[in-house]
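Structural overview for review
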Amino acid sequence: MGLDGMEVIAIAVVIGLFIVVLKQFGVWEPLSLEDSADSDLELSMVRHQPEGLEQLQAQTQFTRKELQSLYRGFKNECPSGLVDEETFKIIYSQFFPQGDATMYAHFLFNAFDMDRSGSIRFEDFVLGLSVLLRGSVTEKLRWAFNLYDINKDGYITKEEMLAIMTSIYDMMGRYTSPSLRDDSPFEHVEKFFQKMDRNRDGVVTIDEFIETCQKDESIMSSMQLFENVI
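Residues numbered from 1 in each chain as written. Predicted model: local features only at pLDDT ≥ 70, side-chain atom pairs only at ≥ 80, totals over all residues. Heavy atoms only, no water.

So, about the overall build of the chain. A tally of helices and strands in the chain yields 13 helices and four strands. Buried residues in the chain amount to 50% of all 230 residues. The long-range share in the chain, meaning contacts at least 24 apart out of those at least 6 apart in sequence, stands at 70%. (Helix = DSSP H or I, 4+ residues; strand = E, 2+ residues; numbered from the N terminus. Buried < 20%, exposed > 50% of the residue type's maximum accessible area, 1.4 Å probe, protein only. Contact = heavy atoms within 4.5 Å.)

What follows is the structure in structure tokens.
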């Protein structure tokens, strides 16, 4: 039996809602013939200078021109070359004005801020984006697991999953049809663990997470949705 409703949303939302950030950072802006020269010059004009485009091209699935387009959008929104958590919260609040996106934005920010520096560099942004849009299914699921593993100990607990589910519910769940009850996040976490926690030890490992997701057609379909957005 596959995962249902909000369980699928809880996994697919990592990619789907990230499109919000992509739009804000101008990912779909058309490339111009001047991109190469302009972007190389712009790299030397921001407070935080990212790694060279050649190095990022080697580390990601993006072409040089795609990286230039991404950098232009990133720089327009963040002239300093760094994104803080408050910026993430503002972006999500703009797209979900009737909900509270604060906690979801917090969790997503932490998934990108791997070194816990309190800011996201262009390199962090584009490496995560490469996984979400161009990575293999396993790479995407590992990235999603990292989001749900809040304390980064290699396991997802019911408390961590409940925190993520509640943040999604606060941001958009109460406006779904049919509407969700206040205890819905807890019920979905219980269903999630019934399917994911194969050995019934109270936690979900990365192997259990990936194995269960790979057997679910809805999740596998969601992994393919945004591969060609840029």
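To continue, consider the packing of helix α10 (residues 158–171) against helix α11 (residues 184–196). Running from amino to carboxyl end, α10 crosses α11 at an angle of 135°, the nearest separation of the two axes being 9 Å. What the angle tells us is that α10 and α11 run oblique. Crossing geometry of α10 relative to α11 is assigned as right-handed. Every residue of α11 that contacts α10 at Lys158, Met161, Leu162, Met165, Thr166 and Tyr169 is listed here: Pro185, Phe186, His188, Val189, Glu190, Phe192 and Phe193. (Axes fitted to C-alpha atoms, helices over the stretch in contact; angles between N-to-C directions. Parallel < 35°, antiparallel > 145°, perpendicular 65-115°, else oblique. Left-handed = near helix turned anticlockwise from the far one by under 90°.)

If you look at the biggest cluster of nonpolar residues, it comprises 52 residues, and the most contacted ones within it are Phe88, Tyr92, Phe122, Leu141, Tyr148, Met161 and Phe209. Sequence-distant contacts of Met161, defined by excluding residues within four places in its chain, comprise Tyr148, Ile156, Val189, Phe192 and Phe193. (Core = buried A, V, L, I, M, F, W, Y, C linked by side-chain atoms within 4.5 Å.)

This part is about empty space enclosed by the protein. The final tally for this structure, using the stated rule, is one cavity of 30 Å³ or more. Residue lining of the largest cavity: Phe107, Asn110, Ala111, Asn146, Leu147, Ile150 and Lys152, and that is the complete set. When contributions to the lining of the largest cavity are tallied by element, the ones reaching two or more residues are α7 (102–112) and α9 (137–148). It is α7 that provides the largest number of residues to the lining of the largest cavity, a total of three residues. In terms of residue class, the lining of the largest cavity is made up of four nonpolar, two polar and one charged. (1 Å grid on protein atoms, 1.4 Å probe; cavity = no way out; pocket = protein on both sides within 12 Å on 5 of 7 lines; lining within 4 Å. Points joined across faces, edges and corners; volume = space filled by probe spheres on them. Nonpolar A, V, L, I, M, F, W, Y, C, P; charged D, E, K, R; others polar.)

The subject of this paragraph is the pattern of salt bridges. Going through the model one piece at a time under the given rule, you end up with eight salt bridges. Residues Arg121 and Asp124 are paired through a salt bridge, measuring 3.0 Å at the closest nitrogen-oxygen approach. A relative accessible area of 26% places Arg121 in the partly exposed class. Note that Glu211 is salt-bridged to Arg198, the shortest N-O span being 3.4 Å. You can see Glu211 sitting in helix α12 (residues 206–214) and its partner Arg198 sitting in the loop between α11 and β4 (203–205), a full 13 residues away along the chain. Residue classification places Glu211 among the partly exposed residues on the basis of a relative accessible area of 34%. The partly exposed category is assigned to Arg198, whose relative accessible area is 40%. One continuous salt-bridge network, built from bridges that share partners, spans Arg121, Glu123 and Asp124. (Salt bridge = Lys/Arg side-chain N within 4 Å of Asp/Glu carboxyl O.)

For residues that are not glycine, phi is negative in most cases, and the peptide bond is trans in most cases. Although it is not a glycine, Arg116 adopts a positive phi angle of roughly 55°. One can find Arg116 in the loop between α7 and β2 (119–121). Exposure remark for Arg116: the relative accessible area of 41% places this residue in the partly exposed category. A positive phi angle, close to 60°, is found at Lys152, a residue other than glycine. Turning to its location among the elements, Lys152 is positioned in the loop between α9 and β3 (155–157).

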